[in-house]
Structures are given as C-alpha cells and as structure tokens.
Amino acid sequence: EFGRLIDLLFRELSAAQRVRIRRANLLGLVHDVVQRARDELVANSAPVEKLNTALAEHPDVIADFIKHPPQTNEPGRQQPLVLALHEAPPGIPVDLVELGCSAGLNLLIRQPADAPTIASRTGCDTNPIDITTVEGRARLSSYVWVDHTSRFNTLGQRIESAVPNPPTVVRADAVEFVASLAPRAGTTLLVWSSAFIPYLPDSQVRALADAFDSLAH
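What you see as residue numbers is a count from 1 along each chain, following the sequence as written. Totals for whole chains, interfaces and linings use every residue, but because this is a predicted model, local features are given only for residues with pLDDT of at least 70 and side-chain atom pairs only at 80 or more, for both listing and counting. Hydrogens and waters are ignored; side-chain quantities use all the structure's heavy atoms.

Visitor: How would you sum up the overall build of the protein? Please name residues and give values.
Guide: For the purposes of this entry, the term helix denotes a DSSP run of H or I that reaches at least four residues, the term strand denotes a run of E that reaches at least two, and both are numbered from the N terminus. In terms of helices and strands, the protein carries eleven helices and four strands. When burial is assessed residue by residue, the protein has 39% of its 217 residues classed as buried. As displayed, the protein offers around 12,100 Å² of accessible surface, 53% of which is attributable to carbon and sulfur atoms. Each residue's exposure class comes from its accessible area (1.4 Å probe, protein chains only) as a fraction of the maximum for that residue type: buried when under 20%, exposed when over 50%, partly exposed otherwise. Note that accessible areas follow from Shrake-Rupley with a 1.4 Å probe, and for residues the cover is restricted to the protein chains shown.

Visitor: So what's going on with the pairing of strand S2 (residues 118–125)? Residues and values would help.
Guide: Between any two strands, at least two bridges found by DSSP are needed for them to pair. Looking at chain direction, strand S1 (residues 94–99) and S2 are connected through six bridges and run parallel. Of the residues in S2, the one forming a bridge with Leu-96 is Arg-121. Summarising the sheet, S2 and strand S3 (residues 168–171) pair through four bridges and their orientation is parallel. Considered in S3, the bridge of Gly-123 is made with Val-169.

Visitor: A description of the sheet that holds S2 should follow, citing residues and the corresponding values.
Guide: The parallel open sheet is built from four strands, whose spatial order is S3-S2-S1-S4. Only two strands of the sheet have a single neighbouring strand rather than two, namely S3 and strand S4 (188–192). Along the sheet, successive strands turn relative to each other by an average axial angle of 20°, direction set aside. Relative to S4, S1 is paired through five bridges, and the arrangement is parallel. Note that in S4 the partner of Leu-96 across the bridge is Leu-190. Together, S1, S2 and S4 form the strand contacts of helix H7 (residues 79–87), whose direction differs from that of S4 by roughly 160°. Lines fitted to C-alpha atoms define the axes, with helix axes restricted to the stretch in contact, and inter-axis angles between N-to-C directions lie between 0 and 180 degrees. Throughout, a contact is declared for two residues whenever any of their heavy atoms are within 4.5 Å.

Visitor: How would you summarise the pattern of salt bridges if you had to cite specific residues and measurements?
Guide: Oppositely charged side chains can form a pair if their charged atoms are brought close together. A carboxyl oxygen of Asp or Glu within 4 Å of a side-chain nitrogen of Lys or Arg is what we treat as a salt bridge. Scanning the model with the defined rule gives two salt bridges in all. With a shortest N-O distance of 2.6 Å, Glu-74 and Arg-151 are connected by a salt bridge. Separated by 77 residues along the polypeptide, Glu-74 in the loop between helix H6 (59–67) and H7 and Arg-151 in helix H9 (residues 149–162) bring together distant segments of the chain. Judged by its relative accessible area of 14%, Glu-74 falls in the buried class. The salt bridge partner of Asp-95 is Arg-184, with a shortest N-O separation of 2.8 Å. Here Asp-95, found in strand S1, pairs with Arg-184, found in the loop between helix H10 (174–180) and S4; they are 89 residues apart in sequence, far enough to count as distant. A residue is classified by how much of its surface remains accessible, and Asp-95, at 7% relative accessible area, is buried.

This is the structure we're talking about:
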C-alpha cells in the first residue's frame, strides 16, 4: 500500500519536480500528512486514495517539502558529544556550539557527570526547524520512519521537553558561523556536529576546515 501511494504521488509531480525530489522527501511528505490526518485515514476504507487526493488538493504542501532537503535531529547521536565533554579541560566552563543542528535538540544534552559545566549552548543551520510550531514538529518527526517506533517516541519526548525552553539556533551558513566565533576568556569553545559534514560538497568541507584552522590560531 505504501509503495502504491508513492507511485500515485509521483505521478502528481511535474517533470522538473521529479528531477529535484528525493525519495526521502516523498517518504517524509507522506509521513507528515499521515500524522496530521491519522484518524481520518484510519477510519477511511480507501486511505491510499484519500491521502493522494488530499495531496493533490494541496500542491503547496508538496512544493514546501521538495524545496528543502530532509532534516533529522536524532537524540541517539549524542554519545560523541558526551565523550568530547569528558575530554574538555576540567574545571573550565564549556561554550557548546553545534553546526547543522536542525532543531537544536542535541544542544539540550543533560550535563554529564564529572564533566565541565556547559555555560552556553548555540547552534546554526541554514534552515533551522522551529519546534515551537506544529509545522516544525511535524516536519522533524516525519523523517523518522514509521517502523522505527522507539526512535519516534524518543524524539517526541525530547521535542515535548524542549518546547517550553527551545535551544538557540541561528540561521547561518556553517563556514560563516565558524568564522564569526571567538573563544571567550575563561571558557572552552567546543564545536561539534552529529551528522552534518558528510552531506557537504568537498569545496565547503575544505572551507570549513580553513575556518576551523583560523579559529584555532
């Protein structure tokens, strides 16, 4: 049924859209709509046709999804950050910065025991997701696939706990953001990324490496 829906949806796209869209965008789009209209779709005797009709009636939804690449914010990727915090100089507060942080959920990592205090938390992303909005929460959770129930539930819990006091995420290019950083006296500047750099083109990876080199000197 899910594969049939993808085929139906794909036929709704123009030739230009088909070139630009990723399969992950389609899957995320379908999951997003399912989350928004779950009760109606479950009660309907022909949910695939009903969903396809809904998408056809709202081309703006499709256009919005193919405009942006898939975005995730996986809380399970925090372990490298925990290790980095334990390696930071003891007794010196840490200014935590995350690149390509999406909604910034990993910036809200709990203070690890026996690690320096996290004094500030800031992230950057070219298209940050605002988890205080229904649309932002739906987009973020739409890229956790339907059979990954544990990940989906964990993400939902992290979003719920973060909404009252969301992290600070700046809309910015990572290279420019790193170039703008300056370590504060009496603190350790810790810049990290969970799963962002592998998606950059080689030229931007080199530019980011140059920005880090300048920051270190």
